[in-house]
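Fold and contact review
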Amino acid sequence: MKYIMQNNLSNYNQVIDSIINDRKKEIFSFFNSEEIDLPVTIYVYNSIEELVNGMRDRGFRNSPDYMCACQKDEDNSLNFFEPKDNPRNDEWSKEEYKNIIFHELIHCIQFNIFGTTPEWINEGIAKYLDGTYSKGIKWLLDNYINNNPISSQYEIENEFGMHDYDSYDYAYLMVSYIIDCYGKEKLIEILRDKKEFEIIKKDLLIKSINYYNNKH
């Protein structure tokens, strides 16, 4: 891995290195993989605004409004910014941002093992592992999914993050369903085999919602 730091005097790369070294083993283990080298370039910008501008300058446009970090298959990069030491209440703290770094590391390792895979399953896996939904699926169903119109499977597959609803909720639910009903080994299989992927994704969102509503 190599770093490109906007601020050459910053030592924030050491924070990122620490998270990678401390947590990469659990990610490789989840994917049933030996640890491999990650030929990744890590860009660290001074602010969210500089991150967005820097990504645009590198040819990545149409970033979602909520973007605060990202992994890009196109150039095998991780892209972060360095949070302030004393952020406002509406800004990322350095402690909060550690989980963002972990989330993007999950994407990075998955890509370097399996190559490019659909965004919904990438985000579903990362959310499954990063602890976002620690309140559980019943809470997610009761407080969001069952109280709103359900998205179409097409939108989740082809327009991820482009609508008012939280696509990550649905992605997490579908990945959880695959693991609960078929096992993690099946998830690994469909990451490797596009034919298996096409079979299992049929009506997956509705199946997932019905399964967990009946279970709980």
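All values reported here derive from a predicted model rather than from experimental measurement. (Residues numbered from 1 in each chain as written. Predicted model: local features only at pLDDT ≥ 70, side-chain atom pairs only at ≥ 80, totals over all residues. Heavy atoms only, no water.)

Glancing now at the pairing of strand β1 (residues 2-5). The sheet contact formed by β1 and strand β2 (residues 41-45) spans four bridges and is parallel. Residue pairing in the sheet places Tyr3 in a bridge with Ile42 of β2. A crossover links β1 with its parallel partner β2, the connecting element being helix α1 (residues 12-30), and its sense is left-handed. (Pairing = 2+ DSSP bridges. Helix = DSSP H or I, 4+ residues; strand = E, 2+ residues; numbered from the N terminus. Right-handed = clockwise from strand over helix to strand, strands pointing away.)

We now examine helix α3 (residues 94-114). Spacing of three or four residues puts side chains on the same side of an α-helix, whose turn is 3.6 residues. When the terminal C-alpha atoms of α3 are compared, their 30 Å separation across 21 residues agrees well with the 30 Å that a helix rising 1.5 Å per residue should span. Just downstream of α3, Gly115 is the residue with a positive phi angle, here 80°. (Expected span 1.5 Å × (residues − 1).)

With that out of the way, let us pick up helix α10 (residues 204-215). The end-to-end C-alpha distance of α10, which contains 12 residues, comes to 16 Å, matching closely the 16 Å that a straight helix rising 1.5 Å per residue would cover. Turning to α10, its buried residues are Leu204, Leu205, Ser208, Ile209 and Tyr212. For α10, the arc enclosing every buried residue in end-on projection is 130°, short of the 170-degree limit, so these residues lie on one face. Packing partners of the buried residues in α10 comprise α4 (119-130), α5 (137-143), α6 (153-158), α7 (167-182) and α9 (194-200). (Buried < 20%, exposed > 50% of the residue type's maximum accessible area, 1.4 Å probe, protein only. Arc of directions from axis to C-beta. Contact = heavy atoms within 4.5 Å.)

What follows is about the packing of aromatic side chains. According to the stated counting rule, one finds 16 aromatic pairs in the structure shown. Aromatic side chains Phe30 and Tyr128 sit 6.1 Å apart centroid to centroid with 45° between the ring planes, which places their arrangement in the tilted category. Of this pair, Phe30 sits in helix α1 while Tyr128 is found in helix α4, placing the two residues 98 residues apart along the sequence. A network of ring pairs unites the aromatic residues Phe30, Phe31, Phe114, Tyr128, Tyr133 and Tyr172 as a single cluster. Lying across the ring of Phe102, Arg23 places its NZ or CZ 3.5 Å from the centre. Here Arg58 stacks its cationic end above the ring of Tyr43, 3.6 Å away from the centre of that ring. (Phe/Tyr/Trp six-rings, centres within 6.5 Å; stacked < 30°, edge-to-face > 60°. Lys NZ or Arg CZ within 6 Å of the ring centre and 35° of its normal.)

We now examine the sheet that holds strand β3 (residues 70-72). Ordered by their spatial adjacency, four strands build an open sheet running β1-β2-β4-β3, and the pairing between neighbours is mixed. Both edges of this open sheet fall to β1 and β3, since each of them pairs with a single strand only. Direction aside, the axes of adjacent strands within the sheet are offset by 20° on average. Sheet topology places β2 next to strand β4 (residues 77-81); five bridges connect them, and they run parallel. Pairing of Tyr43 across the sheet is with Asn79, part of β4. Contacts from α1 reach β1, β2 and β4 within the one sheet, and its direction differs from that of β1 by about 145°. This element, α3, spans β3 and β4 of the sheet and lies at about 170° to β4. (Axes fitted to C-alpha atoms, helices over the stretch in contact; angles between N-to-C directions.)

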